[in-house]
Structures are given as structure tokens and as C-alpha cells.
Amino acid sequence: MKIKATRKNKSEGFYQGLFFLTASISVLAVGLITVMIFYNAWPAFREIGLWDLLSGNKWTPTASNPLFGLLPMIVGSMVITLLALVIGLPIGIATSIFLAELAKGKFAAVLRRSVEMLAAVPSVVYGFVGLTLVVPFVQRLGGTGLSILSAGIILGVMILPTMISVYEVSLRAVPSEFKEGSLALGASHWQTIGRVLIPASRSGLLTAIALSIGRAVGETMAVILVAGNIPLIPDSILDPARTLTVNIIMEMGYVEPGSLHYSALFATGAILFVFIMFINIGVQLITRKAVKK
Amino acid sequence: MKKIKMGKTLMAMVLVLSLSLLFTACGNTDEETGDSDTTEQTKITIVGSTSVGPHMDALTKMYNDSVDGSISFTVEQVGSGQGIQAVSDGSADIGMSSRELKEDEGPMEEFQLCTDGISIIVNSANPVEDITMEQLKAIYMGEITNWSELGGEDAEINLYTRESTSGTRGAFEELVLGKDANDEQIVIDETICAAVQNSNGQLGQGVESDPYAIGYLSMGLVENYSIKTLSIDGVEATTENIENGSYVLSRPFLLLTLTTPEGNVSDFLNWLISNADAREYLEENGFIV
């Protein structure tokens, strides 16, 4: 017995160490990424200046007098994300309510599977479908079709799985007493959903929106194929636009390592990084508040 | 119980295995770079053009796989000018240039790897067949903005361009836009364009689906899309016209050495110029060999 026990302890210690090691890999990775991005972005922050990077509206990195203004890309990211939310949010909310409250039996299962499948489609496939279906459609409304609207439509579909899976769970997490009480007071099913379930799951909805924003802001491959990628502040949703992620991917391939242009691309990444960090912190604050309640 | 335990052991084994693989993989690269006690040169440094670089990278790998695995190549993509500089000061064994040498550069040994032609492309429904070099420049400078000025429909011209770091775009700017009054290279103003596309494929597809588009593409890739190529000053973009020098939108891909190459460098250059697989690779990527 004794021998067996020590053996067990030894192997337990071994496993504990091993798993601790693997667990620290992700912490290490976050640390390394942060250091690497800001280390490489530093020359751009020093030579161009944070304010000029954030407020400059001309991006001409290969001109004889290069300019590195990121404002068109910041606006591009925000506008495309906003449009994706405008398109995806109503569909996401309605689908979540349908799945949590109304759908029954086989159809509900098929629907849930379909939403899950949507998350498994690679983003380059979304981009390709967008290029062959959405862009020609938008072209009929005016312009080349390579536009904010095309990117917004595709991202609006891409954020659905995130939004629906989070919001459906929080709708289901509303205590059944709330619903039963409402029904007992004579409210209809529809009134109960609108007046009790939705207000009670508000923090879940906010989390779903925040996560969707993170997904939309970070998406690159699908956007680069359909957005036109012009570094210019757009006038209409039929205009092309370039997002922060697209700016990095587009020019990183052949840029001369160590140049100011290279550093400015890392600065683009640093700004994106801070942006997404804020969104993540926002999500944590929302969920913590919900738990306290 | 036993099953679960076995699962655990298996998982641990997989973890250890993957970790050890990770470390050995890191270790190998260190070893490879630092041994050369033979008299033959085993390290070849290739420096230069960003348009030639990616292909040189692929070709050195092909060479290592099929001919001589003992040579470690370093391919640095820093632009033609710096490549030529690196050859003349001896810091590179081979230089890559995607343009002819200027008079004050050299003298050095030149080997023409291949020729790259650039086609000016429009949508297949566009009635325009030919433009002049001046018109092409004016279009990409934003001075001509309507197809009717070129004998086409009354519609705005949608400019398609590659990203600022693209080698094709660099060559296009050099050959078509030229230099400004201060002898600085003129670059395309992206804000007057309809789309910046970051691959030949995206550009070809964009022009294919937009009736008012104009763009530029490496010549060998044009046939992949249902698009129309414009002739320039009446000269069609064909291999023959590039070879006889009448079609002006072309540039050589040159490899440079300071002195007559010897040993491994010579073997490698000969392989590039004569090997069927290497030739086929270049042809597949749209170059004229």
C-alpha cells in the first residue's frame, strides 16, 4: 500500500508539472506577442509619433516622402464592424430567441447544427463566397462592388455563430421562476419573452455583442477579398475601405524588414492589439457585473 | 479505471513527444548554419530584388532537394539597388535585380534568369483595344478618368492596383509613371483607385467582373482570366514583341556576381539556366525563359 501511494504521488507530481508547463505556454505566448509587437512598433511611434499615426489621413508608405497615417484604416475598421453589427445583430437576437424559446424537436436540432457549422467554415471561404455572390449584387447598386457594404454583409453572417451561441445560453440561464411568474400573471408567451426574458438576459446580450465586435475587428481574409482596400476615409457604404488587419496583411509580405514602413505595420498591429484588449476587458467587466447580480 | 489511466498516459506521451519535437526542431536550424570545413563554398548568400526573391527562395529549395543538399542558401529580399550594392562590396555571392544595370553600377557578371512582361488588362466587354503610353500614364496619375476619352463608353475608369510592396507594381511605376521633377520615383496614388488587390489572382478577378476596370498583370497570368489585353502604341503584348524589344512593358530578372563564378555558385547558376524543372517553374509563374 505504502509503495503504491508514493508512486501515485510521484506520478501526480509529474503530471502536475507537465500540465503546469503546457499551461504556461499560453501565458508565455501572450507575453512574447506583446513584447514583440511593441518592440517592433517602437521606431514608428518614436519617428512618426503616436498622434500623427492616429490622426494622419494619408498612407503612402512607398512614396519618396512617405506618410504613415492610420486614420482611414481606423475609420474603415469601425465602419465595417458597425455595419456587420447592424446586419448581424437583429438576425442573431431573433435566432437566439427562436432557439431558446420557440423551436422544438428535430428542426431545432438542425438549426443549432447549422449555426455551429457556420462557425466551422474557414474565413477565406466566406471571402470567396462573398466575391462570387455578394460583390456582383452590390455592384448593381453602384461602384465596383468591392465595398464596405460587401464586407459588412459577410462579417454580419460570420459573427452569427458567436452571437447566437452566447446569447442563447444566457437566455436559457434566466431562472425559470421569472418565466413561470410572468405566465402565471396572465402575460402571453410573446409578452414574457419581450418584457421578462430579454431584459433579464441583458448582460448576456452585451457580452455577445462585445465578442462579435472582437470577431469582426480581427477578421482579415474575408475582408481583404471584398473590401477594395483603399486607404481613404469613405463617403458611402458603396465605397471601398481598408481595415487595420488588411493593412498589415497586405503589405507585410514584401516589406523590407527593419524599415520605417515595417515598423509602421507593427504599429498598426499595436493599435489593433490595444483596441481588442479594451474589448476583452469590457467583456470581463460585463460578465463580472452579471455574476455579482 | 484502467481505460482512463491509459488515456492519461497516452496524453502525457503525446505531450512529451510534441514538446521534444518542438525543441529538436529548434535545435536543428542552429546546427545547419555553422559547419564548413571543406574547401568548397557551402554557404551562398543571395541578396536583392523583392520580385525575384520569392522565386529564388523556391528555386534554392528545389536545388537543395534535387541536386545538392549540403549548401545553405540565404535569400535576402531588400530591393534591386541594395542587391547590386551588396554584390559590388562583396557581402553577397549572388545579386538579384529586376531591372537592367545602370551605367555607374558594375562592372559585374550578368546572368539573365528570365524576362517578366506586364500586360495592361481591361474587362472583356470593353470596346477599347489600344492605348498610348502617355494615356496609360495619365490614367494612373488620375488625369484621364473617363473611358470616353479613350474611345470607350461614357463611364468612369475604375483603377485596379496591387499593394505598395508588390514587385509588379514597382516595375509598373518605374516603366510607366517614371520620375518626377526632383528625380524621385512617382508612385500610384491609392486614393484615386477603385481597389487595391494583394495578389495577381484578386486583380485578375476584379478586372474580370468589373466592366469599367483597368489593371496590370504579369503577362503569363493573363490567360487564367477571361479578360482583354490592350496593345500599347499599337504593339501587342506577346512573347515575340518582348524578345524583339518592341513591347516596352518588360524587365529582365538578372542574377549578378562580382567575378566569374566558380564551384558551387557556378553549379547553381548553371542549374538555374539549364535545368528543365527550374525552367518549368519559371514558366508556370508567368515568366519568359
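Remember, it's a predicted structure, so these values are computed and weren't measured experimentally. (Residues numbered from 1 in each chain as written. Chains lettered and ligands numbered in written order. Predicted model: local features only at pLDDT ≥ 70, side-chain atom pairs only at ≥ 80, totals over all residues. Heavy atoms only, no water.)

J.: Would you explain the overall build of chain A in this entry?
T.: The helix and strand tally for chain A stands at 13 helices and 2 strands. Taken along its principal axes, the extent of the C-alpha atoms in chain A is 70 × 70 × 35 Å. Accessible area of chain A: about 15800 Å², with a carbon and sulfur share of 70%. The average position of the 22 basic charges and that of the 13 acidic charges among the side chains of chain A differ by 14 Å. (Helix = DSSP H or I, 4+ residues; strand = E, 2+ residues; numbered from the N terminus. Areas by Shrake-Rupley, 256 points an atom, 1.4 Å probe, with all protein chains shown as cover. Lys, Arg positive; Asp, Glu negative; His and termini not counted. Charge placed at Lys NZ, Arg CZ, Asp CG, Glu CD.)

J.: Even after reading the chapter, I still don't get the overall build of chain B, so can you show me in this structure?
T.: Scanning chain B for helices and strands turns up 9 helices and 10 strands. Taken across its 289 residues, chain B has 49% of its residues classed as buried. The long-range fraction of contacts in chain B, counting pairs at least 24 apart against all pairs at least 6 apart in sequence, stands at 72%. Per element, the accessible surface of chain B, about 14100 Å² overall, is 50% carbon and sulfur. (Buried < 20%, exposed > 50% of the residue type's maximum accessible area, 1.4 Å probe, protein only. Contact = heavy atoms within 4.5 Å.)

J.: How do you make sense of the pattern of salt bridges when you look at a structure like this?
T.: Note on pairing: side chains with opposite charge can pair once their charged atoms come close. Inspection of the entire model under this criterion finds 14 salt bridges over all chains. For A:Arg172, the salt bridge identified is with A:Glu168, shortest N-O distance 2.9 Å. On the criterion of helical spacing, the pair formed by A:Arg172 and A:Glu168 is a turn pair, its members being 4 residues apart in helix 7 (residues 160-172). The closest approach of N and O atoms between B:Arg162 and B:Glu163, which form a salt bridge, is 3.3 Å. Here B:Arg162 matches B:Glu163 in class, with each residue buried. Three or more residues are tied together by salt bridges with common partners; here these are A:Arg242, A:Glu251, B:Arg169, B:Glu173 and B:Glu190. (Salt bridge = Lys/Arg side-chain N within 4 Å of Asp/Glu carboxyl O.)

J.: Can you help me understand the interface of chain B and chain A in this one?
T.: Where interface size is quoted, it is often the accessible area lost as the parts come together. Contacts between the two partners involve 34 residues from chain B, matched on the other side by 32 residues from chain A. In total, about 2700 Å² of surface goes out of reach between chain B and chain A, with carbon and sulfur atoms giving 61% of it. When the area that chain B buries against chain A is broken down by residue, the three leading residues are B:Ser164, B:Thr165 and B:Thr191, summing to 18%. Inspection of the region where chain B meets chain A yields 1 salt bridge. Joining chain B to chain A, the criterion identifies 5 residue pairs in polar contact (both at pLDDT 80 or more). Of all the secondary-structure elements, those providing two or more residues to the side of chain B that touches chain A are helix 1 (2-33), strand 6 (158-162), strand 7 (195-197) and helix 6 (200-209) of chain B. Element by element, the count of residues in the side of chain B that touches chain A is highest for helix 1 of chain B, at 7 residues. Looking at the side of chain B that touches chain A, its residues break down into 14 nonpolar, 13 polar and 7 charged. (Buried area = accessible area lost by both parts, 1.4 Å probe. Polar contact = N/O pair within 3.5 Å; in protein donor to acceptor, adjacent residues only side chain to side chain. Nonpolar A, V, L, I, M, F, W, Y, C, P; charged D, E, K, R; others polar.)

J.: Would you mind going over the environment of B:Asp57 with me for this structure?
T.: All names here are of chain B. Tracing the sequence through the fold places Asp-57 in helix 2 (residues 53-66). Residue Asp-57 is classed as partly exposed on the basis of its relative accessible area, which comes to 29%. Through-space distance from the C-alpha of Asp-57 to that of Glu-129 is 38 Å; in sequence the pair is 72 residues apart.

J.: So what exactly am I meant to see when it comes to the nonpolar core here?
T.: When a protein is soluble and globular, its nonpolar side chains tend to lie buried together. One finds B:Ile120, B:Leu136, B:Tyr140, B:Phe172, B:Ile214 and B:Leu249 to be the most contacted residues of the largest nonpolar core, which totals 84 residues. If you look at the next biggest cluster of nonpolar residues, it comprises 25 residues, including B:Val52, B:Phe73, B:Phe253 and B:Trp271. (Core = buried A, V, L, I, M, F, W, Y, C linked by side-chain atoms within 4.5 Å.)

J.: What should I look at first to understand a nonpolar patch on the surface in this one?
T.: Residues A:Phe38, A:Val274, A:Met277, A:Phe278, A:Ile281 and A:Leu285 make up a contiguous nonpolar surface patch of roughly 550 Å² in combined accessible area. Among the elements that make up the nonpolar patch, the one with the highest residue count is helix 13 (residues 260-292) of chain A (5 residues). (Patch = residues over 30% accessible without salt bridge, like charges linked within 9 Å, V, L, I, M, F, W, Y side chains within 5 Å.)

J.: Looking at this model, I keep getting lost on the pairing of strand 1 (residues 43-48) of chain B. Mind explaining?
T.: In regular strands, side chains alternate between the two faces of the sheet. All names here are of chain B. Here strand 1 lies mainly inside the structure; 5 of its 6 residues are buried. As paired elements, strand 1 and strand 2 (residues 72-77) share 6 bridges and run parallel to each other. If you follow Lys-43 over to strand 2, its bridge partner there is Ser-72. Between the parallel elements strand 1 and strand 2, the chain passes through helix 2 in a crossover that is right-handed. Where strand 1 lies against strand 3 (residues 94-97), 3 bridges are found, and the strand directions are parallel. The residue bridging Val-47 from the neighbouring strand is Gly-95, located in strand 3. (Pairing = 2+ DSSP bridges. Right-handed = clockwise from strand over helix to strand, strands pointing away.)

J.: Explanation requested: the side chain of B:Thr168 in the structure shown.
T.: As for its placement among the helices and strands, B:Thr168 is situated in helix 5 (residues 167-177). On the accessibility criterion, B:Thr168 (9% relative accessible area) is buried.

J.: Explain the domain arrangement of chain A to me, please; I cannot follow it from the model alone.
T.: All names here are of chain A. As assigned here, chain A comprises domain 1 (2-47) and domain 2 (71-292). Relative to domain 2, the C-alpha centre of domain 1 lies at a distance of 31 Å. Facing the 12 residues of domain 1 at the interface are 10 residues of domain 2. The largest per-residue losses of area from domain 1 upon contact with domain 2 belong to Ile-37, Asn-40 and Ala-44, which jointly make up 45% of the total buried on that side. Here domain 1 and domain 2 share 0 salt bridges between them. Our count for the contact surface shared by domain 1 and domain 2 stands at 3 residue pairs in polar contact (both at pLDDT 80 or more). Across the side of domain 1 that touches domain 2, the residue classes break down as 9 nonpolar, 2 polar and 1 charged. (Domains from an automatic or database assignment.)

J.: Would you mind going over unusual backbone geometry with me for this structure?
T.: Among all residues except glycine, the phi angle is most often negative; among peptide bonds, the trans geometry is most common. Residue and element names in this part refer to chain B. The backbone of Asp-183 shows a phi angle near 65 degrees, a positive value even though the residue is not glycine. Secondary-structure assignment places Asp-183 in the loop between helix 5 and strand 7. For Asp-183, a relative accessible area of 55% translates into the label exposed. Positive phi, close to 50 degrees, is recorded for Asp-233, a residue that is not glycine. Take Asp-233: it is sitting in the loop between strand 9 (227-232) and helix 7 (239-243). The class of Asp-233 is partly exposed, set by a relative accessible area of 46%.

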